[in-house]
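The residues making up each chain are set out below.
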Amino acid sequence: FHSTADTWSKRLIFLAIPLNTALYGAESWTLNVELRRRISSFYHTTIRRIIGINMHHVAEYQIKNEHIHNYFSIPDPIDIIQKCQFNLLGKFARMDPTRLPRKFLTAWVSHPRRSGGQHYTLRNSYVETLQHILPNIPDNGTIDSWLPLAQNREQWKTLGTEWIKHQQLLTIYQ
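Conventions and cut-offs
Residues numbered from 1 in each chain as written. Predicted model: local features only at pLDDT ≥ 70, side-chain atom pairs only at ≥ 80, totals over all residues. Heavy atoms only, no water. Phe/Tyr/Trp six-rings, centres within 6.5 Å; stacked < 30°, edge-to-face > 60°. Helix = DSSP H or I, 4+ residues; strand = E, 2+ residues; numbered from the N terminus. Buried < 20%, exposed > 50% of the residue type's maximum accessible area, 1.4 Å probe, protein only. Contact = heavy atoms within 4.5 Å. Polar contact = N/O pair within 3.5 Å; in protein donor to acceptor, adjacent residues only side chain to side chain. Axes fitted to C-alpha atoms, helices over the stretch in contact; angles between N-to-C directions. Parallel < 35°, antiparallel > 145°, perpendicular 65-115°, else oblique. Left-handed = near helix turned anticlockwise from the far one by under 90°. Nonpolar A, V, L, I, M, F, W, Y, C, P; charged D, E, K, R; others polar. Expected span 1.5 Å × (residues − 1). Core = buried A, V, L, I, M, F, W, Y, C linked by side-chain atoms within 4.5 Å.

Novice: How should I be thinking about the packing of aromatic side chains in this particular structure?
Specialist: Evaluation of the coordinates by the stated rule reveals four aromatic pairs. Between Trp146 and Trp156 the ring centres are 5.9 Å apart and the planes differ by 35°, which places this aromatic pair in the tilted class. With Trp146 in the loop between helix 7 (122–133) and helix 8 (147–150) and Trp156 in helix 9 (residues 153–172), this pair connects stretches of sequence that are 10 residues apart. Each member of the pair, Trp146 together with Trp156, is buried. Among the aromatic residues, ring-to-ring pairing joins Phe14, Tyr43 and Phe72 into one connected group.

Put into structure tokens, the structure is as follows:
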């Protein structure tokens with residue numbers, strides 16, 4: 001990025017190329033703590049580099065990630081991923097029940113996990129996303145608690161869009 005380009009152009013390029021490339025397929029990721037940390041680190045390092053802020057500036061002027069979000073006018077990467085997951089869940093919910101993605105969404109394995117196995121699953125990640133956007137979702141994330149809402153495409157899309165706008169506003173006023 002050349003320093004002669006204005007911030008808005010740099011923002012658009014960042015959203016179009018590095019961010020889209022880095023988050024490609026993110027709607028199917030299991031967002032555990034380590035992955036969240038790595039995504040946020042990449043995201044903020046890249047933005048700081050684009051707008052010319054180095055770690056010396058961060059330490060000297062106490063620049064927080066929220067300040068960078070506000071300056072660059074973009075939501076947190078985890079919020080972006082959760083909105084993508086939310087959209088995907090809505091798409092699966094509206095599919096015919098005989099289609100494989102819909103079957104996988106409602107599948108149940110009756111055997112418990114082996115000890116020492118994976119503790120945080122894609123299901124956990126999807127339930128967490130639903131709980132962030134729809135606070136009344138129970139901890140077990142039963143499909144009947146959100147599936148009727150997802151059947152209405154426009155309402156589902158509006159819920160996701162309003163949530164991401166609200167998240168951006170929260171970041172601005174922190």
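Picking up where we left off.
Novice: What is the right way to read the environment of Leu149 from this model?
Specialist: Turning to its location among the elements, Leu149 is positioned in helix 8. With a relative accessible area of 25%, Leu149 lands in the partly exposed category.

Novice: Is there a simple way to think about the environment of Trp29 in this case?
Specialist: Note on placement: Trp29 falls in the loop between helix 1 (7–22) and helix 2 (33–51). Taking the C-alpha atoms as reference, Trp29 lies 9.3 Å from Tyr126; in sequence the two are 97 residues apart. Beyond its immediate stretch of four places on either side in the chain, Trp29 contacts Ala22, Leu23, Tyr24, Leu35, Ile39, Ile81, Gln85, Leu122 and Ser125. A polar side-chain atom of Trp29 sits 3.4 Å from the main-chain carbonyl oxygen of Gly25.

Novice: Please explain the packing of helix 1 against helix 2 as it appears in this structure.
Specialist: Axes are the key here: two packed helices are described by the angle between their axes and the distance separating the axes. Orientation of helix 1 relative to helix 2, taken along the N-to-C sense of each, is 150°, at an axis distance of 12 Å. What the angle tells us is that helix 1 and helix 2 run roughly antiparallel. When you trace helix 1 past helix 2, the crossing you get is right-handed. Contacts between helix 1 and helix 2 involve Lys10, Phe14, Pro18, Leu19 and Ala22 on the former and, on the latter, Phe42, Tyr43, Thr46, Ile47 and Ile50. The residue makeup of the contact of helix 1 with helix 2, split by class, is eight nonpolar, one polar and one charged.

Novice: Where do I start with helix 7 in this structure?
Specialist: Along an α-helix, residues three or four positions apart point the same way, because every turn accommodates 3.6 residues. If you check helix 7, its first and last C-alpha atoms are 17 Å apart, about what 12 residues at 1.5 Å a residue would give, namely 16 Å. Along helix 7, the positions that sit buried rather than exposed are Ser125, Tyr126, Val127, Thr129, Leu130 and Ile133.

Novice: Hey, could you run me through the nonpolar core in this one?
Specialist: Most often, soluble globular proteins keep nonpolar side chains buried together rather than apart. Counting 17 residues, the largest nonpolar core has Phe86, Leu89, Leu130, Leu134, Trp146 and Trp156 as its most contacted members. Only helix 5 (77–94), helix 7, helix 8 and helix 9 provide two or more residues apiece to this core. A total of five residues in this core trace back to one element, the largest contributor, which is helix 5. Trp156 has contacts with Phe86, Asn87, Leu89, Gly90, Arg94, Leu130, Leu134, Trp146, Leu149 and Ala150, leaving out every residue within four places of it along the chain. Formed by 15 residues, the second largest nonpolar core is a distinct cluster that contains Leu31, Phe72, Ile80 and Ile81.

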